[in-house]
Amino acid sequence: MKFDTPATKNPIDRLAVVGHPVDRIDGPLKTTGTARYAYEHHDAVARPAYGYVLGAGIAKGSIHSMDLAAAKAAPGVLAIVTADNAGPLGKGDKNTATLLGGPTIEHYHQAIALVVAETFEQARWAARRIRVDYGPVDGTFDLARAKESASKPASGKPDTAVGDFGNAFAAAPVQLDATYTTPDQSHAMMEPHASTALWDGDTLVIWTSNQMVAWGVADVAKTLGIPKEKVHLMSPFIGGGFGGKLFVRADAVLAALGARAAKRPVKVALPRPLMFNNTTHRPATIQRIRIGATREGRITAIAHESWSGDLPGGKPETAVDQTRLLYAGANRMTAMRLAVLDLAEANAMRAPGEAPGMMALEIAIDEMAEKLGIDPVQFRIANDTQVDPEHPERPFSKRRLVDCLAIGAEKFGWKARNPHPAGTRDGRWLVGFGVAAAFRNNLVTRSGARVRLGKDGVVTVETDMTDIGTGSYTIIAQTAAEMMGVPLHRVVVRLGDSDYPVSSGSGGQWGGNSSTAGVYAACTKLREAVATKLGLPPDADFADGRVRAGSRDVAVADAARNGELVAEDHMEYGDLDKRYQQSTFGAHFVEVRVDAATGETRVKRMLAVCAAGRILNPKTARSQVIGAMTMGVGAALSEHLVVDRYAGFFVNHDLAGYEVPVHADIPHLDVVFLDETDPMSSPMKAKGVAELGICGVAAAIANAIHHATGVRVRDYPVTLDKLIDRLPLLAREEES
Amino acid sequence: MNESDAMNPARREALALGRDMLVGGAAACWAGSPSARAASPRRDAPVMRKLTLRVNGAAQALELDTRTTLLDALREHLHLTGTKKGCDHGQCGACTVIAGGRRINACLSLAVMHDGDEVTTIEGLGKPGHLHPMQAAFVRHDAYQCGYCTPGQICSSVAMLEELRHGIPSHAAADVAAAPAWTPDELRERMSGNICRCGAYSNIIEAITEVAGAQP
Ligand code: FES
Ligand code: FES
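Residues numbered from 1 in each chain as written. Chains lettered and ligands numbered in written order. Predicted model: local features only at pLDDT ≥ 70, side-chain atom pairs only at ≥ 80, totals over all residues. Heavy atoms only, no water.

1. With respect to the side chain of Thr83 of chain B
Residues and elements named next belong to chain B.
Working step 1: Within the secondary structure, Thr83 is located in the loop between α4 (70–77) and β3 (96–99).
Working step 2: The buried category is assigned to Thr83, whose relative accessible area is 2%.
Working step 3: Excluding residues that lie within four positions of it along the chain, Thr83 makes contacts with Leu71, Leu74, Arg75, Ala94, Cys95, Thr96, Val97, Thr121, Ile122 and Glu123. (Helix = DSSP H or I, 4+ residues; strand = E, 2+ residues; numbered from the N terminus. Buried < 20%, exposed > 50% of the residue type's maximum accessible area, 1.4 Å probe, protein only. Contact = heavy atoms within 4.5 Å.)

Laid out in structure tokens, this is it:
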């Protein structure tokens, strides 16, 4: 099915099941520990051997020699895989560095060996007996120092320009020119990258924790040099991904190689301290933003430049993208430059581009509002645009940023905000309000599904879509139930298996809308098959487990009485996303309290208002948004992979050193979804929401801290050491 | 570990050995350092011990390499994979189980330290179709997303409410001598050893509050 004209009324609009806050259908499995993740398939794999990964101890250079003798002699060892003995390996299309290093080492903790043993303890012990003689060479690890050598990236749109930014900025009566930095960040999902692999003849059967099943199949096949048809990849439950499991990683490739070498099923999980330097991360950025405005607060010129780094052949963090679309302004430019850094591979993390881009842009907007003496909510509203500012003939499909800001301000009690920074005190606390816009583009992607109507009337959906905590199982079941007119408990959903039709997968917040649109397409076909079977017209009505047309009223299950009916289709897209700019919008409001003596920041309350098309399930969608807000708190206040600029690695490579928010950091979070449908996005009229939720959060907090303390911090995270020497004098309280 | 454990020399020895091995394992990512030395078969040979765990009410006789953590005994030997491994270092709480009535990080405890102990895992609290009130509250409040931290959150919260009931103080209390208040801040403080990277905290506290209110 092709979606190339705006959606009109369709069966989803009935909203008998879709749009309701139903509990997750996989909830009973997840809350009882019966959902099986990649390392836990004891039912299917009787006696797996255990693989333990050894990571490189240098950041750049080569391995002169590896002495495996002691490790091989260690008890229980079945095989040791290294680049020397693994045979020729390719590199996955989505990987920047190779997954098994040696003799060349591209980054610290790049995998260089897998020890396979009877038990986990034996594999771990033997891995420690491997002696490696390295030939280290100097590398580049510091973005600030590499900035001058950064060049125009080969992909994407490194430079954009409309009007004459230079002159317009120079002529603007009010100007801002500020530079912001965001640090390297880690996905730090709770389930480590893990895989269980076995060989069935020349077919690789692999359970792996991966967001994108079809990409995974392709890259496992390419890396191992086997046909795609010989890879059966399954990823039914995934313990979090956030972009960190978009790509095949060392655990999958090494489990496959280990199983081949040991002639046994092998399972491999990356040890937590290896994950931070072995896998991908969100790269640090340096961002310069210039804004020129009239005294009345109309933006006339806006420029956003960003620098980031990656391994050779890598990509830039597209931190300037939202600035091309978010605010009006006749004269504008953006630029991205990419430096070569020898840290681990930089890649997508929740809202790549926009998340760090909004961290900078939305502080800049706050600074500009302050310079102008305009309320920051009003300043944003005044510079709204309903068309793509670079192509004014191209409207947004739906854009309710102004509503998000206005409704949010009302609900949050923004009116009570003291217009003067550092002006509100509550005992030992400095109190501050902060706001930021939220913005994330909506992407639509081809997605397929197969739907079965069983003799028992049960509808079964099969698609290689994944559920990484997003609620895919549930919204897909809701979609199928709505389309086939059956209750939710009569739908079975099977996901994450390469035997099923290729889906959008989970990434870029495209999964919810795209995968359900694929199910919509397959169900449309199944409805036709059912109608034909029952001798009813194709426009028959499906509801309450019945199919009705004219005076006929038949149970839907009757169509399958003599045998299961199966339909398969996919949704693909025309050019509606070219003709209309499709984006999601929101506003974040935050109240913080900063300890007047120590500079410690506590988040008191947070509100997100989102306009993101139809919300397929308000319960799971809200969870996506509060989860993103929570990650935004981490980005604002604590998350920072600290680079050892001499040895070339992230120093704080575990969950004690890399500080993600914990319970005590997060208050009750409020989320409001505006009632909206977007007929340009798909027949579901939905858009993504999981990444929108993080965009702008950190800036809203940084702005609130500025409002509380009067201190403007432009370098994330906003830790107390960046505040403490500039806090308002404690004495002031006594003086007044 | 209780007093009688400390008095048991065999167990002390096992502990010391286990600790040494764990440190070695954690440092393996630095391998290639000069500290790696030739294998000595005597030292390499796994030390095996027989033990019995009472898991979710059933006695489980095991013979384990003494380096085996309680977490791996549950997951890899008893195939009770509901208890999760998030870090293996006591930093995330995904492995929380209830041993002898107290919540512990199963990754920081060797199985041999629990010979004869009563251990409750997520599988022992409830099953699909027969959920424990806390499991049901988690479903109702959508107090999870990927589900990987969830068994740990649930085991932790069930044991945590017992701690509150017994008046065990926390950092959040203004007066450690007074009976702890059942406030959201108190719950948040006490649950902070259980990381949820999906960020379900707001919902988790609401689920726990509901269960706490139902059984004061
Ligand atoms: S796995 Fe035990 S605390 Fe993380
Ligand atoms: S639900 Fe995913 S980490 Fe908590």
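2. A few points about the pairing of strand β23 (residues 491–494) of chain A
Residues and elements named next belong to chain A.
Working step 1: Alternating residues of β23 divide into Val491 and Val493, all buried, and Val492 and Arg494, none buried.
Working step 2: Alignment of strand β22 (residues 459–462) against β23, held across four bridges, turns out to be parallel. Note that in β23 the partner of Thr460 across the bridge is Val492.
Working step 3: With helix α12 (residues 472–484) bridging β22 and the parallel β23, this β-α-β connection has right-handed handedness. (Pairing = 2+ DSSP bridges. Right-handed = clockwise from strand over helix to strand, strands pointing away.)

3. Things to note about the pattern of salt bridges
Working step 1: One pass over the full model with this rule turns up 63 salt bridges over all chains.
Working step 2: Ionic pairing is found between Arg380 of chain A and Glu362 of chain A, a salt bridge with its closest N-O pair at 2.6 Å. Remark: Glu362 of chain A occurs in helix α9 (residues 354–372) and Arg380 of chain A occurs in helix α10 (residues 376–382); sequence separation between them is 18 residues. There is no split in this pair, since Arg380 of chain A and Glu362 of chain A are both buried.
Working step 3: Across the salt bridge formed by Arg140 of chain B and Glu210 of chain B, the nearest N and O atoms sit 2.4 Å from each other. Taken together, the residues span a long stretch of sequence, with Arg140 of chain B in helix α6 (residues 133–140) and Glu210 of chain B in helix α9 (residues 201–214) at a distance of 70 residues.
Working step 4: Residues joined by salt bridges that share partners form a network here, namely Arg450, Arg452, Glu462, Arg494, Glu564 and Glu568 of chain A. (Salt bridge = Lys/Arg side-chain N within 4 Å of Asp/Glu carboxyl O.)

4. Notes on the packing of α6 of chain B against helix α7 (residues 150–165) of chain B
Residue and element names in this part refer to chain B.
Working step 1: Closest axis-to-axis distance for the α6/α7 pair is 10 Å, and the angle between their directions is 125°. Compared by their axis directions, α6 and α7 come out oblique. Along this stretch, α6 crosses α7, giving a crossing that reads as right-handed. Taking contact as the criterion, the partners of Met134, Gln135 and Phe138 in α6 are, on α7, Thr150, Gln153, Ile154, Ser157, Val158 and Leu161.
Working step 2: Each residue belonging to the contact of α6 with α7 can be placed in one class, and the counts come to five nonpolar, four polar and no charged. (Axes fitted to C-alpha atoms, helices over the stretch in contact; angles between N-to-C directions. Parallel < 35°, antiparallel > 145°, perpendicular 65-115°, else oblique. Left-handed = near helix turned anticlockwise from the far one by under 90°. Nonpolar A, V, L, I, M, F, W, Y, C, P; charged D, E, K, R; others polar.)

5. Some details on the domain arrangement of chain A
All names here are of chain A.
Working step 1: Splitting chain A by domain gives domain 1 (2–35 + 444–575), domain 2 (49–138 + 189–278) and domain 3 (374–442 + 582–735).
Working step 2: Across the contact, nine residues belong to domain 2 and 11 residues belong to domain 3.
Working step 3: Note on domain 2 versus domain 3: buried area summed over both sides is about 810 Å², and carbon and sulfur give 74% of it.
Working step 4: The largest contributions to the domain 2 side of the interface with domain 3 come from Tyr108, Phe276 and Asn277, which together make up 58% of the buried area.
Working step 5: Between the two partners, domain 2 and domain 3, sit zero salt bridges.
Working step 6: Taken together, the connections running from domain 2 to domain 3 amount to two residue pairs in polar contact (both at pLDDT 80 or more).
Working step 7: Residue composition of the side of domain 2 that touches domain 3, by class: six nonpolar, two polar and one charged. (Domains from an automatic or database assignment. Buried area = accessible area lost by both parts, 1.4 Å probe. Polar contact = N/O pair within 3.5 Å; in protein donor to acceptor, adjacent residues only side chain to side chain.)

6. Side note on the environment of Tyr50 of chain A
Working step 1: Considering the arrangement of structural elements, one finds Tyr50 of chain A in strand β2 (residues 49–55).
Working step 2: Once the C-alpha coordinates of Tyr50 of chain A and Val451 of chain A are considered, the two residues, 401 residues apart in sequence, prove to be 37 Å apart.
Working step 3: Setting aside anything within four residues of it in sequence, one finds Tyr50 of chain A in contact with Tyr39, Val115, Val116, Ala117, Glu118, Thr119, Phe120, Ala123 and Lys267 of chain A together with Glu76 of chain B.
Working step 4: Here Glu76 of chain B takes part through its side chain, which lies 2.6 Å from a polar atom of the side chain of Tyr50 of chain A.

7. Description of the sheet that holds strand β26 (residues 552–555) of chain A
Within a sheet, each strand pairs with its neighbour through backbone hydrogen bonds, oriented either parallel or antiparallel.
Residues and elements named next belong to chain A.
Working step 1: If you trace the three strands from one edge of the open sheet to the other, you get β24-β25-β26, paired in antiparallel fashion. For this open sheet the edge positions go to β24 (541–543) and β26, each flanked by a neighbour on one side alone. For this sheet, the mean angle separating the axes of adjacent strands, direction not counted, is 20°.
Working step 2: In the packing of helix α13 (residues 511–534) onto the sheet, the strands contacted are β24, β25 (546–549) and β26, and the crossing angle to β26 comes to about 115°.

8. Overview of the interface of chain A and chain B
Working step 1: The partner chain B presents 72 residues to the 81 residues of chain A that form the contact.
Working step 2: Carbon and sulfur atoms make up 56% of the surface buried where chain A meets chain B, a total of about 6200 Å² over both sides.
Working step 3: Looking only at chain A, the three residues that lose the most surface to chain B are Arg128, Met190 and His663 of chain A, adding up to 14% of its buried area.
Working step 4: At the junction of chain A and chain B, the tally comes to five salt bridges.
Working step 5: Lys267 of chain A is the partner of Glu76 of chain B in a salt bridge, and the nearest nitrogen-oxygen pair spans 2.7 Å.
Working step 6: Across the contact surface, chain A and chain B share 29 residue pairs in polar contact (both at pLDDT 80 or more).
Working step 7: Contributing elements (two or more residues each) for the side of chain A that touches chain B: α1 (27–32), β2, α3 (120–127), β7 (131–136), α8 (272–278) and α15 (618–637) of chain A.
Working step 8: Element by element, the count of residues in the side of chain A that touches chain B is highest for α15 of chain A, at nine residues.
Working step 9: Partitioned by chemical class, the residues of the side of chain A that touches chain B number 42 nonpolar, 22 polar and 17 charged.

9. A look at the domain arrangement of chain B
Residues and elements named next belong to chain B.
Working step 1: For chain B, the assigned domains are domain 1 (3–125) and domain 2 (133–214).
Working step 2: With 16 residues of domain 1 at the interface, the matching set in domain 2 holds 16 residues.
Working step 3: Taking both partners together, domain 1 and domain 2 bury about 1400 Å²; carbon and sulfur atoms supply 58% of that area.
Working step 4: It is Arg103, Ile122 and Leu125 in domain 1 that bury the most area against domain 2; as a group they hold 42% of the surface buried on that side.
Working step 5: The interface formed by domain 1 and domain 2 contains eight residue pairs in polar contact (both at pLDDT 80 or more).
Working step 6: Counting only elements with at least two residues in the side of domain 1 that touches domain 2, the list comes to β3 and α5 (122–125).
Working step 7: Ranked by residue count, the leading element in the side of domain 1 that touches domain 2 is β3, at three residues.
Working step 8: Here the residues of the side of domain 1 that touches domain 2 sort into six nonpolar, six polar and four charged.

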